Every structure is written in C-alpha cells, then in structure tokens.
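Each chain, written out:
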Amino acid sequence: MEICCSGSPSCFEFAFDYLGWINKAFRYKFSVAINELKKEVRVLQSFYLYLTKCRRRRNRETCLEQDEEKNVTSLRIQNLIIRRMQDLKFACSERLIHSCSPDSSQIGSELTRFRESIKLFFETHIKEPCINFLLEYYWLRDPELVIDFIDSVSKTLAKMNGLHFEDLVKSLMFLKSFTRLAILRDVKGKQLIDLLIHAEVIAINALHLASIWWFDSHRYGHKVFSETKFRIARLIREKINPGDPRVRETYIHVLTAAKLSRSSDISNLEKNKHLVADFMEYLVSNIMELLESCTNTPVPIMNQMLKFVEGLRFLTILLRHQEKFKELCHEMKNLIGVVACDAAVVIFSLSVNQIKEGLAKETDLALFHLLKMIKFIRAEVTDPVTSFSPFGFPRTNELGSMDFLLENLKELESCNEADDSIAFPKDQIHSVLEDLVFLRSFLVKIADQRNRNGKLQALWSRVMEIGHRAELAIDSIVVGDKHEYLERVARDIQLLRTEVLETYDITRHDCGTQRTNQKSFRIDSKRSIPVLNEVLVRLDDEVKTIIHSLTRGSKLLDFVSIVGMAGLGKTTLANRVYNDPLILNHFHILARCTVSQAYSMHSLLVQLLCSISSRSPDEYLKMDESDLAHKLYKLLKRNRYLIFLDDVWEIKAWNLVERSLPDDANGSRILFTSRIQLQFKPDSKVHHLRHLTDEESWKLLQKKVFGKEGFPPTLGKVGSQIAKLCWGLPLTVVLVAGILANTAEHCWEEVAKSLTSSIVLDDEDCMKTLELSYSHLSDDLKVCLLYFGAFKEGENVLVRRLLWLWISEGFVRKIEGKSLEDVANNYLKDLVDRSLVMVSDQRAMGGVKTCRLHDLVHEFCVKKAKEENFLHVLHSRNDRFVLTGQSNPVRVCDRSARNLRIWELMLEFPIVRSLLLSKGHALGFWLPKLLRVLDLGELEFGAYFPMEVFLLAHLRYLALHSRGVKFIPAAIANLSRLQTFLLRGYFSHLLLPKTIWNIKTLRHLWTTYSYAGFIFPVENLEVSPSLDHLDTLSLAIDPSSQSLQKILTKLPNIRRLRCKMPASREEPTRIGDGILVFDCLSQLESLTLNSFVGYGFTFPLNLKKLTLFYNKQPWSEISTIGMLPKLEVLKLLDYSVVGEEWEMKEGEFPSLRVLKLRALRDFRSWTASSDNFPGLEKLVVHNCQMLEEVPSCLGECPTLEMVEVTWCRESVASSVKQIQQAQKDMGNEFLKILIEEEACSENLMLEKYPSIEIDWAAL
C-alpha cells in the first residue's frame, strides 16, 4: 500500500485504511489508541479541507503574505500525515519481518508519536487568532464547497463523545438543509451570500471548539471541558437557532426571498423534496424543544402550537411519500415550499416568554394562516371518509362495534358545548343517532337470516359500512376536520334507512319462519380430526380418578365432565374410562353419542339407542322424537346406567335428552366431554384434562412415528426436543408425527428449528379444530381472543394490562351492577374455561396474574385477525404491503418499530384507531389523529413528556416508558376520554397538573415501578371535581401536608391503591402524631403502603389485600390489621415491621389465605395458636434471618397447601418440616414445602458477607 504524496485528500483516506488494517492484523491490541488517533486525523482533515478550498475575500496586496502562510499550513498538515504514516508503516513492516518476536511496542510508540505530533501542531499553528484571521480575509463562497465543509465537520464531530456534540451535529445539518432550501427556492444575491458566510463561520467555529475540547481538556481538565461545553451551547442557542437578532434577521431575509421566488421548475422540487423535508424536520425539533421548556403554557396556546407541529410533521411525511406527493398539482407542491418558509419565520420569531405569556398579534395571525394552509393541503391528500374502502372494515363483532359507536354518539350528543373547543353539529348527530339505532335493530332482526339470503347479507354489509363512515366523520369533527363529511354520510344513512324498510318488508315473510340458532351452521364432525390411538399415553391416575367419581358418591343421578381444549385427548380418555372393566361391571347399561356443534334431539336419541340395542339404525330413524324418548326411558328404567355425551358445547344439548333419562337413585351417571366448563349441577364433578408432560409427549411421538419398530437412538436428542416443542398437546404431537413420518431423518433438525406451530397450522385438520372452537365463541369473546395476536408468541401477558386494553378498545359491554373490569375478567375466565387461554401465574388474592396462548392458538389468532381485518401485525419493512390495497387497518401492532418507511404509510391509512409498539425508536412519525389506543412500547422519554399525544382527542389508553419525566403539562386535559394511563420505567414521582381533575373518564393511573407514583395537585381541592371512575392508582403523597385525606375523598370508587411517601430529609413524625385514614374508601380491595414511617393507619373493613413496605410498624399494629374480617392476603416486606416478637391474639386473620414475610431483620419470635389462620393456604418466609421457627400450630391448619422458606435459619426449615409431618398425620399428603437448603443455615448471608449492607428501602 503506497502513501500518496500528491496534495489530494487521499493521504487521509490512506491513513484511515491503514489504521484499520493494523487494528485487524494485530487483533485489536491497539484499538483504543487507533480509535483516538482516527478522531484526531479527522479534525486535521477538516481543517486541511478548509485551508485548501477557501479563497481570498479581499483583493489586497497586504494579504499576499498571509496567502503564503495559509498554503504553508496546509502543506504542513499534509506532510505531517505522510511522514508519520511512513514511520508507522516501517514499524509494522519490521514487526512482520521479525514475526517470531512477540514485541510490538514499536508500533505502539509510533502511534503515540503520531498523536503527539497532531496535538503539537494544533497548539502551534491552529490558534484562535489564526481562526479569526481566516474568517476575516477568506471564504469558501461556493454553495457546494460550504455544504461539503459542513459535511466534513459534521462527520468529525459525530465521532466525538458527548451529547453536546450530538446537538452541534444536528444544528450543522440544519444549516446544510437551510442552504439547500435557499438554493432550491432560487434565492440569490446578498441574501444567499449572507447565509453562506454565516454557515461557514458556524462550521469553522464548531470545528475549532471540537479541537479545543479534544486536545486541551486532557491537559486542563474539567475547567476546559465545562467552558467548551458552554461555548457550544451558546453557539447553538444564539448563532444557529437563532437567539442573536442579527442572525434572525439574516434567516428571515433568506426565507422571505425564498417565499417570493416562484420557480417554475417544479421537477427540481420533486427531485429534491427530501431537502425541504429535512428542513421541516429541524423546524419541528426546534419548536418541540421550545415547547418542552415552557412548563406553564396556557392550554389554548399549547394546543395551537401542537396543531402547528402536527401539521408540519404531516407535511414532512407527505414530502417523503413518493406516490402521494406525485399526485399533487404544481400549485400545491409550490404551496408546501411557501408553508415551509412561513413556518420557519414564525418559529424563528418565537421565544419562551412569548409562548408563556401569549403570542404577539402578528405571530398569532401568521400562525392562524399557516394552520389554514396546512389544513387545505391535508384535505387534498387525506379524506378519512371518502378514502374508506367498503371492503376493508373489520368483520369481527360487528354488532358490538355498532353498539360502541351508538354509546359514543350518545355521549357526544349530551356533551356541554361550553366545555368543548369545538361546536358540535348536535342536530345532525342526533339525526344520525336515531337512524343508526333503527338500523342496528334491523341488524338484530336479520342476524339469523342473512347467511341464507344474499340481499339481506348485502344490506348487512352496507349498514356496517355506513356505520363505520359515520363514526369516522363524527370523530374527525372532534379533532377539527370539516363538517361536510358528516352531511354526506347523514344523507346516505337516510337513504339506506328507506331502502331497509322496503327490503325487510319483502324478505321477512320469506325468512321469518326459518329461525335458527346463531351457531347452528354445519362444520364437519370432530371425528374427522386426527385423534390418539385408544392406548393413551398418560398417567393411569387420571383414569382412576374419573372411575372413582363415576362409581362412588351419591346414589342420585350425577355428572362428571372432562374439560380441555381441542386436541388434549378428552374423547380418548373418556373412551378408556367407558371401556374399563370396572365400569363395565359396575353399570348395567352403557350408552353414548357425539353431540358436536350441530345437533338435534332426534339424532342424539338415535345414537343413544343404537349404542344400547343391536337393532338397525334405520328402524330408529323412522321414529319421531317422542317415541324415541319413550323407548330410551323404558330401556334405562330400573337400571344403573352410564351415558357418555361426547363433545358438548352447551347445556341446551343436555336439556333435550334429560327427560328421557330416569333417576332411580341407583348411582347412574352422565359423562361429558367438553371444551367449555358447563355447570350442570352446583356440585357436579369437573376433571380438567392436563397437558402431557415432556416425557409423555416423547413416548407418544415415538409410537406415532415408528409404531412397534422402535425409535432409532440417533434421533433421540432431536426427537425429544421436538416432543418438548409440542407443549403437551396430544393433537399437536400427532400432527407433528405426521410431518416427521414424511420427512427424511437427516432433516429432523430443520423441523425442530422451524417448529413454532406454523407447520402445524398448515394442516387442514388442525385448522378445523381451532376454527371450530373460535366459531362457537360469542362475538364479544372472539375479539378478545383475537386481540392476543397483538402480543408476541409465547409472551406471558399481564392480565391487568390486557383487560384495560379490552375496555379501551370497546370490547367490554356495560352490565348493570358490575364494573367494566369485572366484566372483562369474566371474559378472560370464559376463555380460560374453554381451554383457549392458558394461565401462567395466579394472583395471591385469586384470579389470573399472567396468561398466554399456546403457540398454535396464537398463530391462529394472528392469521384470523388478519383475515377479518381486525389487527395487522408488522414485523419488518416486507410487511408494508399489508397496509396498502383495499383494507382499512384499524389496529396496527409493530414488532420492530424501527422501519420509518412503514410510518410514512400513515398517509394511506389515517383511520388507525390502535397503535401498539414493541421496541423503542424516535417518535418522528405522524400520529393518526383518531387513535383510541396508543402503546409506545419501550420508546423512552427523557426529561419531557411527549406532547404530540395531546392532540389525540379520542385517546382512551396511553402507555409509555419514562426515565426522567417529572411533570405532565396541563394540556393533558385535551384527552377528555382517557381511561388508562400506564407509565413504565424507573423514574421519580410524576407531578400531575390541576387539569387532571377534568378527565372524568379516568379509570387507571398506574406505574409499573412500585417505588414511584403520581403526585396530585392539592390546590383548590374543594372545588375540583371527583374522579368517580378511578379504579386503580399509584399515588405519591406527603401525608404531613394533610392533603391525603382531601385527595382520597375525590376517589370514592378506588379499588386498588398503592401509596408511596416521597423521600424527605426531615425526621419522620412519630406514632400518635398522625393517623392515615383509609376507611373512607368503601370499595378499596387492595392497598400497598410504602415508607410511611411513624404513621398509624385505619383500614376499610372490605380490604382483601394489604402490602406494607418500610413502614417500621410495631407488631401491635399488625394485631389491629388482623381484625379485618375480609383480609385474604397480607405481605409484610422490607422493614415494614420492627420488633423481635410477634405474639398473635385469639381470632386474628379469620379470612387470611396468603401470608408473606420478607426482610424483617430483627423478627425473632413468632407465637400463634390453633385458631389463628383458620383458612391459610400459603405461607412465604424470605430473608427473616433472626427468626427461630414457624409456629407449630400451622400443622393443624386444614387448608394449608404450600410453605416456602428461603434465606432463613436451619431451625426455621426444621420447624416447617415438622409442620409437614403434622399435616401428613392429618391426611394432607399434598402440602408443598419449598426450602432453599443452602440459604437455610446458621451461617446466614449477613454472616458470610458482613461488609455488605443491603438498603432494603431503596429496592
């Protein structure tokens, strides 16, 4: 590799290439020195570029000497690089020649000398007077040279470390885009020259500051570092943003010239529209920084500014959207350029004080006209009503979505105009509401008939389409769009109502007598699905348990159900029981039938009779239902019988045959299999069929693939892995076995890698199984199940978040006397009972904490949701085609969230109502204004709240991740429909504005970080409205301010409350000085108290769960808690109680089921009696290092199911083992004991590591 000596910049490129080669050749031994050296060479390269390209500004003889000096300096830079690279190359050559020698110190020395030479050069030749002289007498002048120099400086600064350099690079990129815009808009003469000189001066100063920071901060330390950082900030603030009036004047002169220019070369704008987009992105960034620093901006001004920002973002995306921009006329394209110039003038004229105190009249007028122009451009691009495809609306839960629309319309109709910034056309809304109520009643009437009548089906689709269009039109008015949309839709609705009246009058006579159940459509019998062989791979104890239930117990007719999802082997297990010798000997008569989904009383009776009698089925088929029922009754009378009803979907099937079955009190039984837990009798026995273990799956797979031939040992490892991937589903095992039976053995590894259920889902029979389960769900449950497709495969979904999402989406119907959360929880329970959703973790107080779908079901949900246009899941840029065509994506879930091309397509589907992100990325895209649900995933917000969301007037659910936000602006009041605000991340407490009391719909204000909460404003609480619907709250409050009681009175229906006392330097108030009263919260069920040291508490009698952190209560206070009659869960954690002895009193904790004790550091003695904890099911003792033993009376507790002990003494473990033995003596063989043996020793963790002091309060 030869070193170039020509004077061209190639010597720098050689240096970079050769340094990279050294790094690799010597295995990155010198990587730190080389990386630092590269940065220094880049600084030198940028100065070299300027020195060689700049020309004399004034033609004066006095400059000739300086010309020579400038040329000599550039030559010295070139020679320095060449000379030092030659020496470095020689050192490397010597090391390679003597490769046997391990010594490479010469290379390290040469790298050091190289760096010292550069540093010395800057100290000697690149001083501040030199920079000032260059700026006084020289310039680049040529626009392209200025842009090249800015690029060079930006690349150099980008390699530097530090946030201040990132900001400086962004500012330089603005100057570049501004220069490009000026050239594009044909700005010439003095205005352009002034801008070029300004950009050049900024770039050379930025480079000089970078060199000072790099070379001098190592010598002079923090002082130089801080001073340089300050100078960079001032350069950005005054000379780029611009704070200096002279700079602002330069900018405005350029922008005025650019606006007045009417270049006819639109093709040039089309080719370079990205330059305008770059400039507008900077404008957005500039104004957002300005708004973020305005903490007390009046809401009307903030709203106006946010609409301005949102409009600029829209235009930025439009400029980057090839197809949409191309469709615009020439005048509209030119208008975008004018808007960019006018917007810049307004932004450069703004200041923080102006925004806080009110906009100047001329600024306010300019902003008003800008918003009108942006609205005019937007109307040409997006029309949410006319762009709506009639083929693309969601087809799931159509009546439910219509009900949701009607409910929202009723709220809008009754809204107080004085409270809203938009004057709604209430008369039109009332008319539309009346017509839609009529059309909805029509849909109910034809629901059972439409599938058999093409005309009714077409009308159904048109009614749903017009409903969606009406919703879009009205919701668009709420966010400030035209009223004309609604006028068009209202006329169409009236016309459709007339047509419906005529059509229904004709068709109802043809269809009215043919009533049918909504679920009675025909699907192939389950017997067509691959099932297990009669030899079931499962533990025999399940068979024994069911046989015991059938042959023992009450003499009255009783029921036994086998419940589980499709493919678990319910029928196979039931068949084994049915044919077991014990059953055959015990019952006189056995009869069976398959019910399935499509059934009739006649077919059920025929099947039962044929299974009993040897007569021909034809004989029974000729008989009517009453004769068949009588015949069956006579056969069964005075006999002990077992009736096996397979695949039952609803209790109605049992009701049809019940009267044919006598009850002679002789021990007769009914055996059911079902995917749903059906309650035939309050005390009927239900056997939930478990999944196969990995070993059982492995045995079944071997049998299905190779039968009796035996499994080749070479396939043992991969075969076992595949069996494990079947997740314990026998049907899945069977289907995978079918794949393996037709796959070469050397390809099994590939099957294992790709086995994410997609292979199984390709099987038609498996699709039928899942389709059958899905089709029998109610419409409400269908949308709830499909929503799981928004979560990642295999993800354990937090149930609380899931239910909040369901509610915000409008899936949950209001039921009198029940909260929406309770109704949603019942929906989930129903899905679990149907074996479609699996419980991952349960709550201590009962119920589901996390749940998940089997991969098979998840894949089905994703595909079905896509088919129904219910949900679109994006994984990469290859999925962008999903968002085009005739579909109207209403819910979009993005798994990568890094593909900005996808978000540019927002212009093509502005009607998105739900946006769920997974990973973090910059919030640089335009948020659709009609969003109801917005989850920003892991996108982190630093010091400021994302104000873009405040324009989303329909938002009901907002979730975001914070790492430094300390307050929420007052403009959050714009989100008047917000129900859930979920805050993730680790952060300090968050101050809410006074306007939070105006969001009357709030249900959940929650933080995932348990040591942080929301701080409510306490000013004028007496006149603030109550948050009557608030159900769940993370609260941070200082009780010494006496504001807690006032705030609690504003939250009358709170059910789950977590309170944290903010850290204070003051000494805590002692017990007796303050009692925190919570008994005013009559609905409170769960309460967590953290860091309320020195306070006492009173609790509501309805409290079911109590968690205490670091409150340092005496044990006497716990005895008070023990008298709460409904308390089921108590957690005493991390210094929540102090004192050595807990002596329990008689009658305490009558309803307690779960007790957890953690990190009670001085807790030594625990005394209890046999009447304490009469219902205790679970005890957890963790890190109670001084505790001597657990009370032996727990051995007499009849309900105890689990005891878990970790980080405790051996004596504690011994006492637990004694309790286990006592339980065994009582007949409880199922008590689970979990003990960490290593931690349970006399050598406690604190004794092992005495220097470690754990701050439990900070955890």
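Residues numbered from 1 in each chain as written. Predicted model: local features only at pLDDT ≥ 70, side-chain atom pairs only at ≥ 80, totals over all residues. Heavy atoms only, no water.

Draft legend 1. Up close: the packing of helix H2 (residues 31–53) against helix H4 (residues 105–125). Contact geometry of H2 with H4 gives a least axis separation of 10 Å together with a crossing angle of 35°. Handedness of the H2/H4 crossing: left-handed. Contact with H2, carried on its side by Ala-33, Ile-34, Glu-36, Leu-37, Glu-40, Val-41, Val-43, Leu-44 and Phe-47, involves Leu-111, Phe-114, Arg-115, Ile-118, Phe-121 and Phe-122 of H4 and no other residues of that element. When its residues are assigned to classes, the contact of H2 with H4 shows twelve nonpolar, no polar and three charged. (Axes fitted to C-alpha atoms, helices over the stretch in contact; angles between N-to-C directions. Helix = DSSP H or I, 4+ residues; strand = E, 2+ residues; numbered from the N terminus. Left-handed = near helix turned anticlockwise from the far one by under 90°. Contact = heavy atoms within 4.5 Å. Nonpolar A, V, L, I, M, F, W, Y, C, P; charged D, E, K, R; others polar.)

Draft legend 2. Structural context of the pattern of salt bridges. Counted by the stated rule, this structure contains 40 salt bridges. For Asp-244, the salt bridge is made with Lys-239, and the minimal N-O distance between the two is 2.8 Å. Assessed through its relative accessible area of 26%, Lys-239 is described here as partly exposed. The shortest N-O distance in the salt bridge between Glu-809 and Arg-891 comes to 3.0 Å. Note that Glu-809 is positioned in helix H36 (residues 799–809) and Arg-891 in strand E12 (residues 891–894), a separation of 82 residues in sequence. With respect to burial, Glu-809 and Arg-891 carry one shared label: buried. (Salt bridge = Lys/Arg side-chain N within 4 Å of Asp/Glu carboxyl O. Buried < 20%, exposed > 50% of the residue type's maximum accessible area, 1.4 Å probe, protein only.)

Draft legend 3. Structural detail: a negative patch on the surface. On the surface, Glu-1140, Glu-1141, Glu-1143, Asp-1162, Glu-1188 and Glu-1189 cluster together into a patch of negative charge. When you line up the elements, Glu-1141 lands in strand E29 (residues 1141–1143). Taking the relative accessible area as the measure of exposure, Glu-1141 reaches 43% and is therefore partly exposed. (Patch = residues over 30% accessible without salt bridge, like charges linked within 9 Å, V, L, I, M, F, W, Y side chains within 5 Å. Areas by Shrake-Rupley, 256 points an atom, 1.4 Å probe, with all protein chains shown as cover. Lys, Arg positive; Asp, Glu negative; His and termini not counted. Charge placed at Lys NZ, Arg CZ, Asp CG, Glu CD.)

Draft legend 4. Fine view of the sheet that holds strand E8 (residues 797–798). Taken in spatial order, the three strands of this open sheet run E8-E10-E9, and their pairing is antiparallel. Bordering the open sheet on either side are E8 and strand E9 (838–842), each of which pairs with just one other strand. Sheet analysis places E8 next to strand E10 (residues 848–852), joined by two bridges and oriented antiparallel. In the sheet register, Val-797 faces E10, and the bridge partner there is Cys-851. (Pairing = 2+ DSSP bridges.)

Draft legend 5. Spatial organisation of empty space enclosed by the protein. Evaluation of the coordinates by the stated rule reveals 14 cavities of 30 Å³ or more. Every residue lining the largest cavity is counted, 20 residues in all, and those nearest its centre are Ser-401, His-468, Val-890, Arg-891 and Arg-932. Looking at the lining of the largest cavity, the elements with two or more residues in it are helix H18 (398–413) and helix H20 (454–478). (1 Å grid on protein atoms, 1.4 Å probe; cavity = no way out; pocket = protein on both sides within 12 Å on 5 of 7 lines; lining within 4 Å. Points joined across faces, edges and corners; volume = space filled by probe spheres on them.)

Draft legend 6. Representation of helix H15 (residues 330–349) within the structure. If you check H15, its first and last C-alpha atoms are 29 Å apart, about what 20 residues at 1.5 Å a residue would give, namely 28 Å. The buried count for H15 comes to 16 of 20 residues, which makes it a mostly enclosed element. (Expected span 1.5 Å × (residues − 1).)

Draft legend 7. Representation of the packing of helix H29 (residues 694–706) against helix H30 (residues 716–724) in the model. It is at 8 Å that the axes of H29 and H30 come closest, and there the two elements cross at 115°. Two packed elements cross with a definite hand, and for H29 against H30 that hand is right-handed. Across the interface between the two elements, Asp-694, Ser-697, Trp-698 and Leu-701 of H29 pack against Gly-716, Gly-719, Ser-720, Ile-722, Ala-723 and Lys-724 of H30. Taken together, the residues of the contact of H29 with H30 sort by class into four nonpolar, four polar and two charged.

Draft legend 8. View of the nonpolar core. One finds Phe-308, Phe-981, Leu-1057, Phe-1078, Trp-1142 and Trp-1166 to be the most contacted residues of the largest nonpolar core, which totals 233 residues. No other element matches the 14 residues that helix H8 (residues 189–220) contributes to this core. If we ignore the near neighbours within four places in the chain, the residues touching Phe-981 are Phe-945, Leu-958, Leu-960, Ile-968, Leu-990, His-1004, Leu-1005, Trp-1006 and Phe-1014. Within the second largest apolar cluster, 67 residues are counted, among which are Leu-781, Leu-785, Phe-870 and Leu-916. (Core = buried A, V, L, I, M, F, W, Y, C linked by side-chain atoms within 4.5 Å.)

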